[in-house]
Amino acid sequence: MSAAFACRLSRPGVVCSLGDDLETIGQALFDGERGLTSSDAFTPGHPLPLGRVTGELPDDSQWPKDHRSRNNRLLALALKRLESEIEPLLKHVARDRIGVVIGTSTSGIGETEQALAVSGREGALPETFAYARQELGAPARFVAERLDIAGPCYALSTACSSSARALASARRLLKSGQCDAVIAGGADSLCRLTVNGFISLEAVSDKPCLPFSRHRDGINLGEAAALFVITRETGGIQLAGVGESVDAHHISAPRPDGSGAADAMRQALAMAGRDPAEIDYLNLHGTGTRLNDSMEAAAVATLFATPPGCSSTKALTGHTLGAAGALEAAFCWLALDQGRLPRHVFDGEHDPEIASLPLATTSAAPARRLRHALSNSFAFGGNNASLLLSRTE
């Protein structure tokens, strides 16, 4: 794809553990305020720090039962925060020319867990149960039906890179001429399957996570929804480049040398026509696990002679899995819009065994104006994605 192709990212609609309006989210992001709460909702008797959304979500009791899920309630609030972008879009663009691409990994699995608990006690699934809401395409279908749009509509599920790839896919739909606008992003909600699955991998910390610390011992999990309206407009903040690679190294562990991750970043830079030295901020995948942080530090050191200021925002929100790519693209959007770096929060003890990174641990203003930001998302199976956002004059 040509770097000259214009692909504008609207002001995002976001709901996460930091809040559901950009002003509140931005303040927490730049001040380094963790949005974690201790809960044993998914691990009875064993509380964990989780990035739970604690604010009020839209009521789904009158929705078709196929749509009644926490994922869709998160998406409905994110859509509400996008109203100022969506309303003119629906007036001026044919509805069959507007696409929907959503990244997710949980869909409605939490509601299926609840239904199975009922059937275990009572011998039958409750009348409210609808298998369709746990299908991975359900969140995309929900957005399309809620807005009454009829363009291409699908979901991507590549674990933690899902919604980064959704944004990349939206760019392709615009580039190919199949759509004139795409509503794209991701959503994932916390559930027992996710939390206990990561526990079984011994990847979860029972303390607030410490990305890139010598004492890091695992991730905190979170939930979120983040959406953009993406169009072929010039100006504003552009999705200037995307990079995608697959390691095929291990079902859950990353390739230790970070070569696949570096390749995804390299592709994004090439598509945008940018040199590594031009990047002003790097949003690290930064899960806080031993293997991921070591791999990512190696990948960054391979690509950047002098890395830019960088941070892992998962210390603030928890790892929101399928929503993480879009959520952290929204954080990059905020960084470029506000000219500030999201804070990196950890114990200050850098791991001497991995490549050193200039972590943004203070709220001091950056030395130069922020023009270009790169965001990394690395998933199970070595499914890597990098997004390059650029602010135009």
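Quick summary incoming for the structure in this document.

Cut-offs used in this document
- Residues numbered from 1 in each chain as written.
- Predicted model: local features only at pLDDT ≥ 70, side-chain atom pairs only at ≥ 80, totals over all residues.
- Heavy atoms only, no water.
- Helix = DSSP H or I, 4+ residues; strand = E, 2+ residues; numbered from the N terminus.
- Rg over C-alpha atoms; globule rule 2.2 N^0.38 Å.
- Buried < 20%, exposed > 50% of the residue type's maximum accessible area, 1.4 Å probe, protein only.
- Contact = heavy atoms within 4.5 Å.
- Axes fitted to C-alpha atoms, helices over the stretch in contact; angles between N-to-C directions.
- Parallel < 35°, antiparallel > 145°, perpendicular 65-115°, else oblique.
- Left-handed = near helix turned anticlockwise from the far one by under 90°.
- Nonpolar A, V, L, I, M, F, W, Y, C, P; charged D, E, K, R; others polar.
- Pairing = 2+ DSSP bridges.
- Core = buried A, V, L, I, M, F, W, Y, C linked by side-chain atoms within 4.5 Å.
- Phe/Tyr/Trp six-rings, centres within 6.5 Å; stacked < 30°, edge-to-face > 60°.

Looking now at the overall build of the protein. Along its length, the protein carries eleven helices and 14 strands. Compactness check: the protein gives a C-alpha radius of gyration of 20 Å against a globular reference of 21 Å for 393 residues, within 12% of the reference. Taken along its principal axes, the extent of the C-alpha atoms in the protein is 60 × 55 × 40 Å. Evaluated residue by residue, the protein yields a buried proportion of 59% over its 393 residues. In the protein, 78% of the contacts between residues at least 6 apart in sequence involve partners at least 24 apart.

A word on the packing of helix H2 (residues 70-81) against helix H5 (residues 138-147). Two elements in contact, H2 and H5, have axes whose closest approach is 10 Å; the angle formed by their N-to-C orientations is 45 degrees. Here H2 lies oblique to H5, going by the angle between them. As H2 runs across H5, the sense of the crossing is right-handed. Contacts between H2 and H5 involve Asn71, Asn72, Leu75, Ala76 and Leu79 on the former and, on the latter, Ala138, Pro139, Phe142, Val143, Arg146 and Leu147. Its residues placed into classes, the contact of H2 with H5 shows eight nonpolar, two polar and one charged.

We now examine the pairing of strand S14 (residues 383-391). Of all the nine residues making up S14, eight are buried; the element is thus mostly covered by neighbouring parts of the structure. Here nine bridges tie strand S10 (residues 237-246) to S14, and the two strands are oriented antiparallel to one another. Considered in S14, the bridge of Gln238 is made with Ser390. Two elements, strand S13 (residues 372-379) and S14, share eight bridges in a ladder whose sense is antiparallel.

Let's shift gears to the nonpolar core. Formed by 53 residues in total, the largest nonpolar core has its most connected members in Ile230 and Leu389. Elements represented by at least two residues in this core include exactly helix H1 (22-31), helix H6 (162-175), strand S7 (181-188), strand S9 (224-231), S10, helix H10 (314-317), helix H11 (324-338) and S14.

To continue, consider the packing of aromatic side chains. Enumeration according to the criterion identifies one aromatic pair in this entry. Seen from their ring centres, Trp63 and Phe142 are 5.0 Å apart, and the 35 degrees between their planes marks the pair as tilted. Taken together, the positions of Trp63 in the loop between strand S4 (48-51) and H2 and Phe142 in helix H5 put the pair 79 residues apart, joining distant regions of the chain. A single burial state applies to Trp63 and to Phe142, both of which are buried.

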